[in-house]
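Results of the structural survey
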Amino acid sequence: MTSQTESRLEALGIKLPAAAAPAANYVPAVESQGYLYISGQIPMGPNGVEYVGKLGQELDIAAGQAAARLCAINILAQAKAALGDLDRIARVVKLVGFVNSDPAFLDHPKVVNGASDFMVEALGDKGRHARSAVGVAALPFNVGVEVEAILEIA
């Protein structure tokens, strides 16, 4: 049986990938006291790591937004693996977006909008969330964006 959320994703043309295994000594998701904490997700696509480089150098805002969107898709893949049913997501509480950027790049919020917009597109009002968009000097595999999430679950 397909959940309402998965039906909505299907209508958007989104097929969730298999949840990526952790690359070090951590777990991809922790459920605690009504919340699911999702470890930072990078833009891992069907052919491996995508959107490599710094915003303001190798990547422009549109590429950064696409990277953030892919991170958000991977967040939902981790949630599906942890919960079994995406309809258990009661609300996206917070997203934290890390943007690998040139020191002169100032449009971090525009980049992280790629993840925020996707969550609302995929989950409707329960996808609306608090957020931080932070510029950083480097990210794993030199990806342009990494996003982590806190989800309220039912």
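The following refers to the structure shown. All values reported here derive from a predicted model rather than from experimental measurement. (Residues numbered from 1 in each chain as written. Predicted model: local features only at pLDDT ≥ 70, side-chain atom pairs only at ≥ 80, totals over all residues. Heavy atoms only, no water.)

1. A look at helix 2 (residues 61-83)
It helps to recall that an α-helix has 3.6 residues per turn; residues three or four apart then point in one direction. Formally: Comment: elements are numbered from the N terminus, with helices defined as DSSP H or I runs of at least four residues and strands as E runs of at least two. Expected helix span is computed as 1.5 Å times (number of residues minus one). Polar contacts, as used here, are pairs of N or O atoms within 3.5 Å; protein pairs need one atom able to donate a hydrogen and one able to accept it. Residues neighboring in sequence count only if both atoms are side-chain atoms.
The end-to-end C-alpha distance of helix 2 is 33 Å, a good match for the 33 Å that 23 residues give at a rise of 1.5 Å each. At the N-terminal boundary of helix 2, the capping side chain belongs to Asp60, with an oxygen 3.3 Å from the backbone nitrogen of Ala62. Of the residues one or two after helix 2, Gly84 is the one with positive phi, at around 85°.

2. With respect to the side chain of Asn100
To keep it simple, the criterion reads: Whether two residues touch is decided by their heavy atoms; if any such pair falls within 4.5 Å, the residues are in contact.
Along the chain, the position of Asn100 falls in strand 5 (residues 89-100). If we ignore the near neighbours within four places in the chain, the residues touching Asn100 are Gly53, Lys54, Leu55, Val136, Ala137, Ala138, Leu139, Asn142, Val143 and Gly144.

3. Comments concerning helix 3 (residues 108-123)
What counts here: Buried residues are those whose accessible area, probed at 1.4 Å on protein chains only, stays under 20% of the maximum for their type, while exposed residues exceed 50% and partly exposed ones sit between those limits.
Taking 1.5 Å per residue as the helical rise, helix 3 with its 16 residues ought to reach 22 Å, and the 23 Å between its terminal C-alpha atoms agrees with that figure. Three or more residues of helix 3 are buried, namely His108, Val111, Val112, Gly114, Ala115, Ser116, Phe118, Met119, Ala122 and Leu123. Buried residues along helix 3 sit in contact with helix 1 (4-11), helix 2, strand 5, strand 6 (130-136) and strand 7 (145-153). Following helix 3 by one or two positions, Gly124 adopts a phi angle in the positive range, close to 65°.

4. A short note on the packing of aromatic side chains
Put simply, the test is: Any pair of Phe, Tyr and Trp rings, taking the six-membered ring for Trp, is counted once the centres come within 6.5 Å. Such a pair is stacked with planes under 30 degrees apart, edge-to-face with planes over 60 apart, and tilted for the rest.
Applying the stated rule across the entire model yields 1 aromatic pair. Seen from their ring centres, Tyr35 and Tyr37 are 6.4 Å apart, and the 50° between their planes marks the pair as tilted. When its relative accessible area of 31% is taken as the criterion, Tyr35 is described as partly exposed. Assessed through its relative accessible area of 38%, Tyr37 is described here as partly exposed.

5. Looking at the pattern of salt bridges
Where we set the bar: Whenever a carboxyl oxygen of Asp or Glu lies within 4 Å of a side-chain nitrogen of Lys or Arg, that contact is scored as a salt bridge.
One pass over the full model with this rule turns up 5 salt bridges. Where Lys110 meets Asp107, a salt bridge forms, and the shortest distance between an N and an O atom there is 3.8 Å.

6. Quick word on the environment of Val134
The topology assignment puts Val134 in strand 6. A relative accessible area of 33% places Val134 in the partly exposed class. With near-sequence residues (within four places) excluded, Val134 lies in contact with Gly97, Phe98, Val99 and His108.

7. Focus: the packing of helix 2 against helix 3
Our working definition: For helices, the fitted line uses only the C-alpha atoms of the stretch in contact; every axis is such a line through C-alpha atoms, and the angle between N-to-C directions lies from 0 to 180 degrees. Working definition: roughly parallel below 35 degrees, roughly antiparallel above 145 degrees, roughly perpendicular at 65 to 115 degrees, and oblique for all remaining angles. A clockwise turn of the near helix away from the far one marks a right-handed crossing, whereas an anticlockwise turn of less than a right angle marks a left-handed crossing. Lys, Arg, Asp and Glu make up the charged group, whereas Ala, Val, Leu, Ile, Met, Phe, Trp, Tyr, Cys and Pro make up the nonpolar group; the residues left over, Gly among them, are polar.
Here helix 2 crosses helix 3 at 40°, and the two axes come no closer than 7 Å. The orientation of helix 2 relative to helix 3 falls into the category oblique. Seen along the crossing, helix 2 lies across helix 3 with a hand that is right-handed. In this structure, helix 2 uses Ile61, Gly64, Gln65, Ala68, Arg69, Ala72, Ile73, Ile75 and Leu76 to contact helix 3, whose residues at the interface are Lys110, Val111, Val112, Gly114, Ala115, Phe118, Met119, Glu121, Ala122 and Leu123. Classifying every residue of the contact of helix 2 with helix 3 by side-chain character gives 13 nonpolar, 3 polar and 3 charged.

8. With respect to the nonpolar core
The condition is simple: By nonpolar core is meant a set of buried Ala, Val, Leu, Ile, Met, Phe, Trp, Tyr and Cys residues that side-chain atoms within 4.5 Å join together.
Counting 35 residues, the largest nonpolar core has Leu76, Phe118 and Met119 as its most contacted members. Going through the elements one at a time, strand 2 (35-41), helix 2, strand 5, helix 3 and strand 7 are the ones with two or more residues in this core. Per element, the largest residue contribution to this core is 10 residues, and it comes from helix 2. Other than its neighbours up to four places away in sequence, Met119 contacts Ala72, Ile75, Leu76, Val92, Leu95, Gly124, Gly127 and His129.

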